[in-house]
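# Architecture at a glance
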Amino acid sequence: MNHTFMRKAVATCAATGAAASFAVLSAPAQAAPPVPSEPLPSPTSFVVLQAGKGTDKATAAVKAAGGTVVQEWPQIGVVIAQASDGAFDDKARKRPGVVAAGPTRAMSALAGEGNVVPDGEVTGLGPGTSGGDDTKEALNADQWDMRQIGADKAHRKTDGNRAITVGVLDSGIEADHSDLAANVDPSQSVSCNDRGVPNTNPKAWQPTTSDHGTHVAGTIAGARNGTGIVGVAPNVKLAAVKVVDDDGYIYPEYAICGFVWAADKGMEVTNNSYFIDPYFLWCKADPEQRPVIEAVNRALKYSEKKDVVNVAAAGNSGWDLSKPITDTGSPNNSDDPQPRETDHRCYDIPAEAGNTVAVSSVGPTAVKSYFSNYGRGVVDVAAPGGDSRVPADTPSKNGRILSTVVGGGWGYKQGTSMASPHAAGVVALLRGTQTGLNAKQTISTLKRQANPLACPEFYDQDRDGVNDATCEGKKQGSGYYGAGLVDALKAVGG
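Residues numbered from 1 in each chain as written. Predicted model: local features only at pLDDT ≥ 70, side-chain atom pairs only at ≥ 80, totals over all residues. Heavy atoms only, no water.

Going through the model one piece at a time under the given rule, you end up with three disulfides. The residue that forms a disulfide with Cys-192 is Cys-257, at a sulfur-sulfur distance of 2.1 Å. One quick way to see it: the torsion about the S-S bond of Cys-192 and Cys-257 is about -60°, and its sign makes the bridge left-handed. Pair noted here: Cys-192 is in the loop between strand S7 (190-191) and helix H5 (202-205) and Cys-257 is in helix H7 (residues 252-264), with a separation of 65 residues, a long-range link. One exposure class covers both Cys-192 and Cys-257, and it is buried. Two residues share a disulfide in this structure: Cys-283 and Cys-346, whose sulfurs sit 2.0 Å from each other. The sign of the 110° torsion about the S-S bond sets the Cys-283-Cys-346 disulfide as right-handed. Linking Cys-283 in strand S10 (residues 282-283) with Cys-346 in strand S14 (residues 346-347), this pair joins segments that are 63 residues apart in sequence. (Disulfide = S-S within 2.5 Å. Helix = DSSP H or I, 4+ residues; strand = E, 2+ residues; numbered from the N terminus. Buried < 20%, exposed > 50% of the residue type's maximum accessible area, 1.4 Å probe, protein only.)

Right, let's talk about the sheet that holds strand S9 (residues 269-272) for a bit. An order of S7-S8-S6-S9-S11-S15-S16 is seen for the seven strands of this open sheet, with the pairing classed as parallel. With one partner strand each, in any of the chains shown, S7 and strand S16 (381-384) form the two edges of the open sheet. Where strand S6 (residues 165-170) lies against S9, four bridges are found, and the strand directions are parallel. Across the sheet, the residue bridging to Leu-169 is Asn-272, located in S9. (Pairing = 2+ DSSP bridges.)

Quick look at the confidence of the model for the chain now. Confidence along the chain averages 85 in pLDDT terms, with 81% of residues attaining 70 or more. Segment residues 1-12 is flagged for pLDDT under 50; beyond a separation of four residues in sequence, or across chains, it makes 139 contacts in the model. In this model, residues 14-36 is a region of pLDDT below 50 whose contacts with residues beyond four sequence positions or in other chains number 110 contacts. (pLDDT = per-residue confidence, 0-100. Contact = heavy atoms within 4.5 Å.)

According to the stated counting rule, one finds 16 salt bridges in the structure shown. Here Asp-327 makes a salt bridge to Arg-340, at a shortest N to O gap of 3.1 Å. Placement of Asp-327 in strand S12 (residues 325-327) and of Arg-340 in strand S13 (residues 340-342) is noted, with a sequence separation of 13 residues between them. There is no split in this pair, since Asp-327 and Arg-340 are both buried. Asp-380 is the partner of Lys-447 in a salt bridge, and the nearest nitrogen-oxygen pair spans 3.7 Å. Of the two residues, Lys-447 sits in helix H10 (residues 439-449) while Asp-380 sits in the loop between strand S15 (356-362) and S16, which places them 67 residues apart along the sequence. In this structure Asp-380 comes out as buried when scored by relative accessible area, which is 16%. (Salt bridge = Lys/Arg side-chain N within 4 Å of Asp/Glu carboxyl O.)

Written as structure tokens, this is what we have:
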């Protein structure tokens, strides 16, 4: 997926291209006009935030404004509500103790279908068929990505610490896949895609309409079992945290649920290969969007305090996230999204949130993938995410990333959705080796150990597909790659 970029999949998987702080309109913010107090076509979801922790004032406000409380997160002072009144948020925010309230959908477009961006052709090896030798001495021949970050050498020292759990916030994980069954932990898995309410039923958190999460999971922790592929950290545990609905959307209440769940379960790492819908960029100046930004920020800050490292895909739109952007796809739950000019006050979330590690993508030649978002001061590190436009003589199957897919098989995808789990796997190795590091120290170490990639001396615009792509940072290449390419071997002390 690109929205990974799934749908988009899940914002970040890009076969063709879709995450700090938060990005607003360069012109005066085009705030949505007040919604009249009249019935909506169907109940919609809202976030209601009270000052500080607890939810007593927020729940009282929801009821007083005519809404229904769906989920309470007292840890962060956030309530998820539903209401059929278009003016519900205006009424709620006027109540005592409420500091913000806003819809999690674009009020101007409450109908629409998922906007999945393909990850590229999935030329799988076929259900139940072998992906090749995955012994300690030899990864699958097509796993150029693992060699690129030194995972093959890291595995000679360790396959990872069994005490480490990586939460895969995505479309679910096929728990009985031969390369995943040994590592998926049902006791930590959950679905959040029903209005943001946690559901631990295994049927709820396994895949239904997308194999995106299964592909991501294999890259992180595909088991060493003599068949298929081997992940970056093949001995760590995986938790499926399903935040993608069957239409391919990752709405704010799903992500908030996922972040808080992972934090409260004590997960050491999460992978987030998506951007939160319905906006590619969420803008602080818009009164409808600002409450969601704050709610997500609260969830991420809480997660960081609980010592979770949240890794996120930068997106597949080929955007320089450090510069003004013309966003033509938002809101994506509308059949007629309106172009808007955005500036530094608008953000791709969660990747541009200050409490995440933003990951850009490179292909087999270690050059920025044509679809990958980038930006100096935005991207933290780079990792292999594939690039189907690499030269024909490149020693790889097709430039994409090989991993597990639904149906017990293996397949190829590309996107920043694929880059992010490589970085998450390296973080898992690092946290399992240097167990005394807290979340912030882990992130600093990850960046310090990364291998700088210089800006290309020339850039093939036909291959890149972005005529104005400019790499800032010269020999350090920080505009494309942040601190550089993640290094699995260094993470385990090599």
